[in-house]
Amino acid sequence: NMILNENIKDRVYAILAERRQKARVAAQHRWEEIALDIPEIASLKAELNQTSVRLSKIILSRSANVAQALEQLRDSNLAAQAQIRELLTAHGYPRDYLEVKYTCPICGDTGYVDHQKCSCLIQLTKMLGAEQLNAISPLNLSTFESFRLDYYPDTPDENGIVPRRQMERVLQFCSKYAAGFHPKSQSLFMIGNTGLGKTHLSLAIARGVLEKGYSVIYGSAQDLFRNIEKEHFGRENESKDSLETILSCDLLILDDLGAEFDSNYYTSCLYNIVNSRIGAEKPTIITTNLSAAQLQNKYSDRIVSRLFTMYQLLRFAGKDIRQLKISESR
């Protein structure tokens, strides 16, 4: 089952602390390099380092001219900083060469701006959450290139559909979807009998979306619902990290809907996920082996109607190709 590491926040803060440390060490190395190359800068820096000492002396002096002395100190500091930048450019270095270069210049790798979470902290949490939940999913097994159309019959079935042509259209659609994916892409509902390639194509989309740098959660409906339930009812783990990550990831793939146990809690979970992600305009891909009638029987109208009206429907045709693969490998 897919269990989100409950220490994910600790990992995020450890990564941010490491980024800050690396940025400061790198800046210190640049100072040391410049001190050897441009001695004038070293003496200007030594002068700037005395700022706090001078500041203390001014404040403790209780002189009538404290404000004027503070202004003079500020002006001399600004002049020294301007001189350092001029010396740097004169010697072929960038003006900001000695500044600390944080990975995130917005928050300085602290994760917060004005007591609000920075976008870098949110993105890092999403990325680690996706990594945890995807840890045991077979994302590496499926590509668009390895999808074999020759497994599908090229003669019409009982409904007059030629499975190979139908699946060629589905394959092309999924390939274009992955190539053009963005966080407001439409949701997909893949429906069809067992063994027709729904998981294969949803994983191929996941690969393409991950390569574009977006966060993807993939899991069977049963595993994801079970994990949310464990966190919701578990006494020792009060966090709701899995549900949070499932609701906020750029793409959610809920595989094999309908194979999970019948449970009012799971049904309410499904409604919450579907409804929340529609409301947030976040794309979801759901695959199922159930027919429309079976879905209607298992879930509420408000869930089924959303799946058929607000998702792009992709019907998979043909016969169970897994049997063909098995006989081929013998």
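Residues numbered from 1 in each chain as written. Predicted model: local features only at pLDDT ≥ 70, side-chain atom pairs only at ≥ 80, totals over all residues. Heavy atoms only, no water.

(A) Spotlight on the confidence of the model for the protein chain. Model confidence for the protein chain is summarised by a mean pLDDT of 86, while 89% of its residues fall at 70 or above. Within the model, the stretch residues 1-6 combines pLDDT values under 50 with 26 contacts to residues more than four positions away or in other chains. Throughout residues 235-239 the model reports pLDDT below 50, and contacts reaching past four residues in sequence, or to other chains, amount to three contacts. (pLDDT = per-residue confidence, 0-100. Contact = heavy atoms within 4.5 Å.)

(B) Spotlight on helix α6 (residues 163-179). With 17 residues, α6 extends 24 Å between its outermost C-alpha atoms, agreeing within 8% with the 24 Å of an ideal straight helix rising 1.5 Å per residue. Inspection of α6 places Pro163, Gln166, Met167, Val170, Leu171, Cys174, Tyr177 and Ala178 among the buried residues, and these make up the whole buried set. Projection of α6 onto a plane perpendicular to its axis shows the buried side chains occupying an angular sector of 135°, all on one side. Exposed residues lying more than 90 degrees from the buried face of α6 are Arg165, Arg169, Lys176 and Ala179. Elements in contact with the buried residues of α6: β3 (188-191), α7 (198-211), β5 (251-257), β6 (284-288) and β7 (312-315). (Helix = DSSP H or I, 4+ residues; strand = E, 2+ residues; numbered from the N terminus. Expected span 1.5 Å × (residues − 1). Buried < 20%, exposed > 50% of the residue type's maximum accessible area, 1.4 Å probe, protein only. Arc of directions from axis to C-beta.)

(C) Molecular detail of unusual backbone geometry. Unlike most non-glycine residues, aspartate 114 shows phi in positive territory, near 50°. Within the fold, aspartate 114 resides in the loop between β1 (112-113) and β2 (116-117). Positive phi, normally seen in glycine, also occurs at aspartate 256, with a value near 60°. Relative to the elements of secondary structure, aspartate 256 occurs in strand β5. Judged by relative accessible area, which is 29%, aspartate 256 ranks as partly exposed.

(D) Structural detail: a nonpolar patch on the surface. On the surface, Leu55, Ile59 and Leu70 cluster together to form a nonpolar patch covering roughly 240 Å² of accessible area. Secondary-structure assignment places leucine 70 in helix α4 (residues 66-90). (Patch = residues over 30% accessible without salt bridge, like charges linked within 9 Å, V, L, I, M, F, W, Y side chains within 5 Å. Areas by Shrake-Rupley, 256 points an atom, 1.4 Å probe, with all protein chains shown as cover. Salt bridge = Lys/Arg side-chain N within 4 Å of Asp/Glu carboxyl O.)

(E) Fine view of the pattern of salt bridges. Enumeration over the complete set of coordinates arrives at seven salt bridges. Put simply, aspartate 75 and arginine 74 hold a salt bridge, and the shortest N to O gap is 3.2 Å. Residue aspartate 262 pairs with lysine 298 through a salt bridge whose shortest N-O separation is 2.3 Å. Here the residue aspartate 262 occupies a position in the loop between β5 and α10 (264-279), and lysine 298 occupies one in helix α11 (residues 292-298), the gap between them amounting to 36 residues. Aspartate 262 sits in the exposed class, given a relative accessible area of 66%.

(F) Local environment of the environment of lysine 22. Inspection of the secondary structure puts lysine 22 in helix α1 (residues 8-37). When its relative accessible area of 56% is taken as the criterion, lysine 22 is described as exposed. Along the primary structure lysine 22 and threonine 103 are separated by 81 residues, whereas in three dimensions their C-alpha atoms are 9.6 Å apart.

(G) Layout of the sheet that holds β5. With parallel pairing, five strands are arranged side by side in an open sheet as β4-β5-β6-β3-β7. Each having just a single partner strand, β4 (216-220) and β7 make up the two edges of the open sheet. Averaged over all adjacent pairs, the angle separating strand axes in this sheet is 15°, with direction ignored. With four bridges joining them, β3 and β7 adopt parallel strand pairing. Each residue of the ladder has a partner; that of phenylalanine 189, found in β7, is leucine 313. Here helix α8 (residues 221-233) sits on the sheet and contacts β4 and β5; the angle it forms with β5, its principal contact strand, is near 110°. The strands touched by α10 are β5 and β6; relative to β5, the strand with the most contacts, the crossing angle is about 145°. (Pairing = 2+ DSSP bridges. Axes fitted to C-alpha atoms, helices over the stretch in contact; angles between N-to-C directions.)

(H) How the structure looks around the environment of glutamine 296. Here glutamine 296 shows up in helix α11. Residue contacts for glutamine 296: discarding those within four places in its chain leaves Asp301 and Val304. A polar contact is formed between the side chain of glutamine 296 and the side chain of aspartate 301, at a distance of 2.2 Å. (Polar contact = N/O pair within 3.5 Å; in protein donor to acceptor, adjacent residues only side chain to side chain.)

(I) Expanded view of the nonpolar core. In this structure, Met190, Leu201, Ile205 and Leu251 are the most contacted members of the largest nonpolar core, which totals 28 residues. Those elements giving two or more residues to this core turn out to be α6, β3, α7, β4 and β5. In this structure isoleucine 205 touches Phe144, Cys174, Tyr177, Ala178, Leu188, Met190, Leu251 and Ile285, once residues within four positions along its chain are discounted. Counting 26 residues, the second largest nonpolar core, distinct from the first, contains Ile191, Cys249, Leu290 and Tyr311. (Core = buried A, V, L, I, M, F, W, Y, C linked by side-chain atoms within 4.5 Å.)

(J) Molecular detail of the pairing of β6. Of all five residues in β6, five are buried, a share of seventy percent or more. Alternating positions in β6 separate into two faces, Thr284, Ile286 and Thr288 on one and Ile285 and Thr287 on the other, with burial throughout. Pairing geometry for β3 and β6, over four bridges, is parallel. The residue bridging methionine 190 from the neighbouring strand is threonine 287, located in β6. Note that β5 and β6 share four bridges and pair parallel.

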